[in-house]
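Spelled out, the chains give:
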Amino acid sequence: MVVFGASVIDVKALLLVLLFASTAEIAHRSSLQPNNSYDNAKRNHNMFKNGAEMRLMVTGCSGYVGGHFISALNDKWRGGTLHLYASGFPEERITNFRFGEVYTQRIELRDDASVLTAIKSFKPTLIIHLAAMASTRMCELNEKLCFDVNVKGTERLAMALRKVVPKSLFLYVSTDWVYSGDISHSAFVEQDCDVRTNKNCGFGIYGQSKYQAERVVASVCESQGLILRSALVYGGPSPIDPAKRSTLGWMVDTLQQQHADPLNVFTDETRSPVFVGDIADLLIHLATTATSIADLPMPWSQLLHSQSNIGEGSEECSDRDALLVLNMGGIDTMTRYEMAKMLAIMLGRDPSVYLQPTTIDNPTQRPQYLEMNSSKLQTLIPNACSTSFSKGLSRALGDLT
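In this text the structure is predicted, and so the values were computed from the model without any measurement.

(A) Representation of the overall build of the chain within the structure. Summing up its helical and strand segments, the chain has 13 helices and 14 strands in all. By residue count, 57% of the 401 residues in the chain fall in the buried class. Put simply, of all contacts in the chain between residues at least 6 apart along the chain, 79% involve residues at least 24 apart. Only carbon and sulfur atoms are counted for the fraction: they give 48% of the accessible area of the chain, which is about 17000 Å².

(B) Representation of the side chain of Ser272 within the structure. By secondary structure assignment, the location of Ser272 is in the loop between β10 (270–271) and β11 (274–275). Ignoring anything within four residues of it in the chain, the contact list for Ser272 reads Ala231, Gly329, Gly330, Asp332, Thr333, Leu370, Glu371 and Met372.

(C) Examining the sheet that holds strand β6 (residues 169–175) more closely. In spatial order, the strands read β4-β3-β2-β5-β6-β7-β12; together these 7 strands make up an open sheet with parallel pairing. The open sheet has two edge strands, β4 (102–103) and β12 (324–328), and neither has a second partner. The pairing of strand β2 (residues 53–59) with strand β5 (residues 126–129) spans 4 bridges and is classified as parallel. For Thr59, the partnering residue across the bridge sits in β5 and is His129. Lying over the sheet, helix α3 (residues 112–122) contacts β2, β3 (81–86), β4 and β5, oriented at roughly 165 degrees with respect to β2.

(D) Just the pattern of salt bridges, in detail. For the structure on display, the rule yields 13 salt bridges. Residues Arg229 and Glu214 are paired through a salt bridge, measuring 2.7 Å at the closest nitrogen-oxygen approach. Linking Arg229 in strand β7 (residues 225–230) with Glu214 in helix α6 (residues 204–221), this pair joins segments that are 15 residues apart in sequence. There is no split in this pair, since Arg229 and Glu214 are both buried. Among the salt bridges present, the one from Arg336 reaches Glu269, with a minimum N-O distance of 2.9 Å. Of this pair, Arg336 sits in helix α10 (residues 336–346) while Glu269 sits in the loop between β9 (263–266) and β10; the two residues are 67 residues apart in sequence, bridging distant segments of the chain. Judged on exposure class, the residue Arg336 and its partner Glu269 are both buried.

(E) Quick peek at the nonpolar core. Among the nonpolar cores identified, the biggest contains 99 residues, and Leu56, Ile70, Leu73, Leu171 and Trp300 are the most heavily contacted of them. Judged by nonpolar contacts, the second largest core, of 23 residues, contains Ala344, Leu347, Leu355 and Phe389.

(F) Highlighting empty space enclosed by the protein. In total, this model carries 2 cavities of 30 Å³ or more according to the counting rule given. Approximately 80 Å³ is the volume found for the largest cavity. Secondary-structure elements contributing two or more residues to the lining of the largest cavity are β8 (233–234) and α7 (247–255). The element that contributes the greatest number of residues to the lining of the largest cavity is α7, accounting for 3 residues. Classifying every residue of the lining of the largest cavity gives 9 nonpolar, 2 polar and no charged.

(G) Spatial organisation of unusual backbone geometry. Here Lys123, not a glycine, exhibits a phi torsion of approximately 50 degrees, which is positive. As for its placement among the helices and strands, Lys123 is situated in the loop between α3 and β5. One non-glycine residue, Asn383, lies in the positive phi region at around 75 degrees. Asn383 sits in the exposed class, given a relative accessible area of 66%.

The rules we used
Residue indices begin from 1 for each chain and proceed along its sequence in written order. Side-chain atom pairs in this predicted model are given and counted only at pLDDT of 80 or more, local residue features only at pLDDT of at least 70, and totals for whole chains, interfaces and linings cover all residues. Remark: hydrogens and water are excluded; side-chain values derive from all non-hydrogen atoms of the structure. Secondary structure follows DSSP: runs of H or I at least 4 residues long count as helices, runs of E at least 2 residues long count as strands, and numbering of each begins at the N terminus. Each residue is placed in one exposure class: buried if its accessible area under a 1.4 Å probe, protein chains only, is under 20% of its type's maximum, exposed if it is over 50%, and partly exposed if it falls in between. In what follows, a contact means two residues having at least one pair of non-hydrogen atoms within 4.5 Å. Residue-level accessible areas treat just the shown protein chains as cover; the underlying method is Shrake-Rupley with a 1.4 Å probe. Any two strands with at least two DSSP-identified bridges between them are counted as paired. Axis angles are defined between N-to-C directions and span 0 to 180 degrees, where every axis is a line fitted to C-alpha atoms and, for a helix, only to the segment in contact. Only one rule defines a salt bridge in this text: a Lys or Arg side-chain nitrogen within 4 Å of an Asp or Glu carboxyl oxygen. Buried Ala, Val, Leu, Ile, Met, Phe, Trp, Tyr and Cys residues that are joined via side-chain atoms within 4.5 Å together make up what is termed a nonpolar core. A pocket, in this scheme, is an open set of points on a 1 Å grid over the protein atoms alone with protein on both sides within 12 Å along at least 5 of 7 lines, while a cavity is a set where a 1.4 Å probe fits but cannot get out; residues line either one if an atom lies within 4 Å of a point. Grid points are joined across faces, edges and corners, and a volume is the space filled by probe spheres set on the points. Residue polarity is assigned by list, with Asp, Glu, Lys and Arg as charged and Ala, Val, Leu, Ile, Met, Phe, Trp, Tyr, Cys and Pro as nonpolar; anything else, Gly included, falls into the polar class.

Laid out in structure tokens, this is it:
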């Protein structure tokens, strides 16, 4: 029986995740050598009069979102000269890139010296922190490792940045699991878990670790920190590593089998799924916006307001010097069953035959309701994460089938 969203993990999978999970950034290389196969003189990506350069450090580049982001970055970057530190990115794929200096050595988030050495060597203008121990099941099984990677790792990175390059910006990608998952709640807004006033938020060990990491960013980075709370991510396979897929991947595999058992899908888990391509585009927009400002530091809230048409008297402008926290969900609210039903129909499969509606056995282990209100993000950056689920699904299926 195939269960959509359930945690079915054998001992081998556990060992593989703990040893090789790219999102945990466990591997480490001590040297820092750039890839020098690029002709900087032929580049002309600078759209700004100030001749801005961006030194961008990205963690978690071998993960699902990271792979999509780095690939899109190479195709779409137009924000000036870009020097890239893509931690954990497959070195053999670097020859296809057209940036300035490119570094790929993994940063060991559990090692103070590794983190500090990387920051001192590269001196980033902006860090986009994607790396995490993201398996909710693995976090429950190994709480200590989870907090060491997700919380202490974020702290090491943020503290090293503040020490070495205090004017730089920090962008942390968090999760909708920071919210309670209470089915009686309305769509969650950022203030429901305010990092400045709420000490304890988060569903399960994973959600709690991500929320505590948010509090680290708030404390260390203050207004130079930006937190994006991501909803359930879907899309096609990673363009860097096709083996890295969202939930859609194995769902498609099952639905395309003629005699497979029906796919068990939850009817009582509600999310705001966000298309991975929208996340990549948003991160590129944010990095480009940061590059356009010659005089850092500038609080993220001021930086984004300077690029928007929001009036000075608006509510969004009321606290420009504060840490900025934004929900990053899609425009549709759906149960997992509704997602699977739409997928089955697009694949020409009868949902009544191929899908088996089911409910969460233990609501203490999975959040039932994580709808997010992302209007704050869409006010600051119009059309951000605005791809409908049906359109995103159609685009993903082109890569999955």
